[in-house]
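An overview of the molecular structure
Each chain, written out:
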Amino acid sequence: MFYLAVDGASVEAIRDAASSVSSISTVEELSDGRVELRAARGTITSVLTDLGARTTAGVADRGTARITAELPSDAAVREVVDAVRSAYPDTELAACREVERSLRTPSEFRRGLAADLTGKQRAALETAYFSGYFEWPVRTADAGGVADTLDIAPQTFHQHLRVAERKLLAALFDEAGPRADR
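Residues numbered from 1 in each chain as written. Predicted model: local features only at pLDDT ≥ 70, side-chain atom pairs only at ≥ 80, totals over all residues. Heavy atoms only, no water.

Here L150 is to be found in helix 6 (residues 143-150). Assessed through its relative accessible area of 22%, L150 is described here as partly exposed. Between the C-alpha atom of L150 and that of F130, which follows or precedes it by 20 residues, the distance is 13 Å. The contact partners of L150, leaving out residues within four places of it in the chain, are A123, A124, T127 and F157. (Helix = DSSP H or I, 4+ residues; strand = E, 2+ residues; numbered from the N terminus. Buried < 20%, exposed > 50% of the residue type's maximum accessible area, 1.4 Å probe, protein only. Contact = heavy atoms within 4.5 Å.)

This is the structure in structure tokens:
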């Protein structure tokens, strides 16, 4: 799946353009001018992911795509380029840069996230986790039970939980980590 920000085109125009690309199976409109594309088969980003890369950006314009990916420090760049060219022969490597990244330890990650969560958000997330709310395929607790434990309404529990989940996911996926404005 690909999540795109669409600028200067309607979703219908995107659907029309996508209909001529055999590898795109569906186009769904999301909120705020974003679109979800589902690929029917492998894509260049799936090749990169299989090789341990993380796609960080992509821009498509008039039949040309520019993709930015980060490789693990121990990756053999030549092997990645060769694998991508094998699957997509017209691919060109535009640039290769080595970047120093400061790594956060798991405890630093937890401290940063804990600082971003309010007490109520942390309580909702923690109580849900330890009560079995997230268990699958059978939950051992439901929202009403967790809300009762916290002595709040189920709607309030859901509100705290969703904001806490968003902050957790932002800490995991965003470059800068947790942000206080969320």
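What follows is about the nonpolar core. Core analysis: the biggest nonpolar cluster contains 14 residues, and L117, L125, A128, Y133, V146, F157 and L161 have the highest contact counts within it. At four residues, the largest contribution of residues to this core is made by helix 7 (residues 154-173). Those residues within four positions of L161 in sequence are excluded, and the remaining contacts are A124, L125, A128, Y133 and F134. The next biggest cluster of nonpolar side chains, apart from the first, holds six residues, and it includes V47, L48, A53 and V84. (Core = buried A, V, L, I, M, F, W, Y, C linked by side-chain atoms within 4.5 Å.)

The next subject is the packing of helix 6 against helix 7. Look at helix 6 against helix 7: their axes get within 8 Å of each other, and the N-to-C directions meet at 90 degrees. Classified by the interaxial angle, the pair formed by helix 6 and helix 7 is roughly perpendicular. Contact residues: A143, G144, V146, A147 and L150 in helix 6; P154, F157 and H158 in helix 7. Here the residues of the contact of helix 6 with helix 7 are counted per class, giving six nonpolar, two polar and no charged. (Axes fitted to C-alpha atoms, helices over the stretch in contact; angles between N-to-C directions. Parallel < 35°, antiparallel > 145°, perpendicular 65-115°, else oblique. Nonpolar A, V, L, I, M, F, W, Y, C, P; charged D, E, K, R; others polar.)

By themselves, these observations are geometric and do not establish any function.
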